[in-house]
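Notes for the structure review
So the chains spell out like this:
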Amino acid sequence: MIDRPSLEIGNSRDFGEVREQVHRIVGEILPGHDMRAIDRAFALIEAGCRGDLDGYASLRTPYHDAGHILEVVLCSARLLHSLHLGGEPLDALAIDACLVGALLHDSGYLMNATEAEGSGAQFTKIHVPRGVVFAETEMGRDLSQELLAATGKVILATDHRPVALPPEFSSRSERIAAHVTATADLVGQMANREYLERLLLLYYEFREGGIHTFVDVHDLLEKTRGFYRLMAVRLQGELGNLAPQLVRHFDKVRGVRRNYYIESIGRNIDYLSRLVREERSRRLELLKRGGIVEKAIGMLEER
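These numbers come from a predicted model, not from an experiment.

**Looking at the packing of helix α5 (residues 92-104) against helix α8 (residues 172-191)**
- Taken N-terminus to C-terminus, the directions of α5 and α8 make an angle of 35°; their axes are 8 Å apart at the nearest point. The way α5 lies across α8 gives a crossing that is right-handed. Counting all contacts with α5, which are made through Leu 93, Ala 94, Ala 97, Cys 98, Gly 101 and Ala 102, the residues of α8 involved are Ser 173, Ala 177, Val 180 and Thr 181.
- Counted by class, the contact of α5 with α8 contains seven nonpolar, three polar and no charged residues.

Structure follows, in structure tokens:
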């Protein structure tokens, strides 16, 4: 039997299934918790992704898509569960800010009616503060001022650029929520079984967003190990080294003391190391999952 940690992470493409898992996990952490804020965020971002949100076009960014949003919120919920199992006290503010923030963390890529051109990736450099504005505009009436402020800080914490200033936290609950979501944002995407293929979509977004750090897609592939090392420092330092605790969730739910996220990231990075040793002319042939490479090449050729 083939051992594939990435498959054990499970579905992160279906809103209903992920919402059900989040409900189940939150029920384990804080039985009877009021899920209205989280459910409102689920409904809001699902409508935004589909193009059913009044005043907005559908979410069009090829890398930062609905699947990415869901992989982040699912990983966030599992990480909250892991902290709970480790004895970390979690209150309603930490849970709500974390999960609402995870659901809305990339909402800044959504375009309103006056921003009809492009995919939304043109806002790459400013999508994080745009996400805070989106949360305030679309959920301001649904959340308490305390929760709205904490959610904004969670979204700000997902800006992983070295130049980004970390938010100032007013409470331990805010800090936990922000660090969990920021950790899940990195760990969730890097553990995706199609992560390496999806890097071509990320390159497309960078080009549209005016980020010229990479000469071409091969340059991005070759520099991804450096990005991983940089993010490992952030994960282990500023964000509190939370990712290893995910083993508790899988031990409780699956009865196995394994951290499928960390294992999957390791396999992705190992394959990437082998990939970049290949001639550039052969590399894309070795990235076969999901038909993503063909889609990305088509998008780049249209530009």
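**Considering the layout of surface pockets**
- The calculated volume of the largest pocket comes to roughly 780 Å³.
- Per-element tally for the lining of the largest pocket: the top contributor is helix α10 (residues 217-236), with six residues.
- Classifying every residue of the lining of the largest pocket gives 16 nonpolar, ten polar and six charged.
- Quantified by volume, the second largest pocket comes out at close to 320 Å³.
- If you go around the second largest pocket, you meet 15 residues; those closest to its centre are Arg 193, Arg 267, Asn 268, Tyr 271 and Arg 289.
- When residues of the lining of the second largest pocket are traced back to their parent elements, those giving at least two are α1 (5-9), α9 (195-208) and α12 (260-275).
- Here the lining of the second largest pocket is composed, by residue class, of five nonpolar, three polar and seven charged.

**Re the nonpolar core**
- Counting residues in each nonpolar core, the largest one holds 97 residues, and the members touching the most others are Val 22, Ile 38, Phe 42, Val 73, Leu 99 and Leu 104.
- When near neighbours in sequence (up to four residues on either side) are disregarded, Val 22 contacts Met 35, Ile 38, Phe 42, Val 73, Ala 77 and Leu 99.

**Points about the packing of helix α7 (residues 145-157) against α8**
- The N-to-C vectors of α7 and α8 enclose an angle of 35°; their axes lie 8 Å apart at closest approach. In this structure, the crossing between α7 and α8 has a hand that is right-handed. Facing Ala 150, Lys 153, Val 154 and Ala 157 of α7, the residues of α8 in contact are Glu 174, Ala 177, Ala 178, Thr 181 and Ala 182.
- In terms of residue class, the contact of α7 with α8 is built from six nonpolar, one polar and two charged.

Thresholds, definitions, all that
- Residues numbered from 1 in each chain as written.
- Predicted model: local features only at pLDDT ≥ 70, side-chain atom pairs only at ≥ 80, totals over all residues.
- Heavy atoms only, no water.
- Axes fitted to C-alpha atoms, helices over the stretch in contact; angles between N-to-C directions.
- Helix = DSSP H or I, 4+ residues; strand = E, 2+ residues; numbered from the N terminus.
- Left-handed = near helix turned anticlockwise from the far one by under 90°.
- Contact = heavy atoms within 4.5 Å.
- Nonpolar A, V, L, I, M, F, W, Y, C, P; charged D, E, K, R; others polar.
- 1 Å grid on protein atoms, 1.4 Å probe; cavity = no way out; pocket = protein on both sides within 12 Å on 5 of 7 lines; lining within 4 Å.
- Points joined across faces, edges and corners; volume = space filled by probe spheres on them.
- Core = buried A, V, L, I, M, F, W, Y, C linked by side-chain atoms within 4.5 Å.
- Buried < 20%, exposed > 50% of the residue type's maximum accessible area, 1.4 Å probe, protein only.

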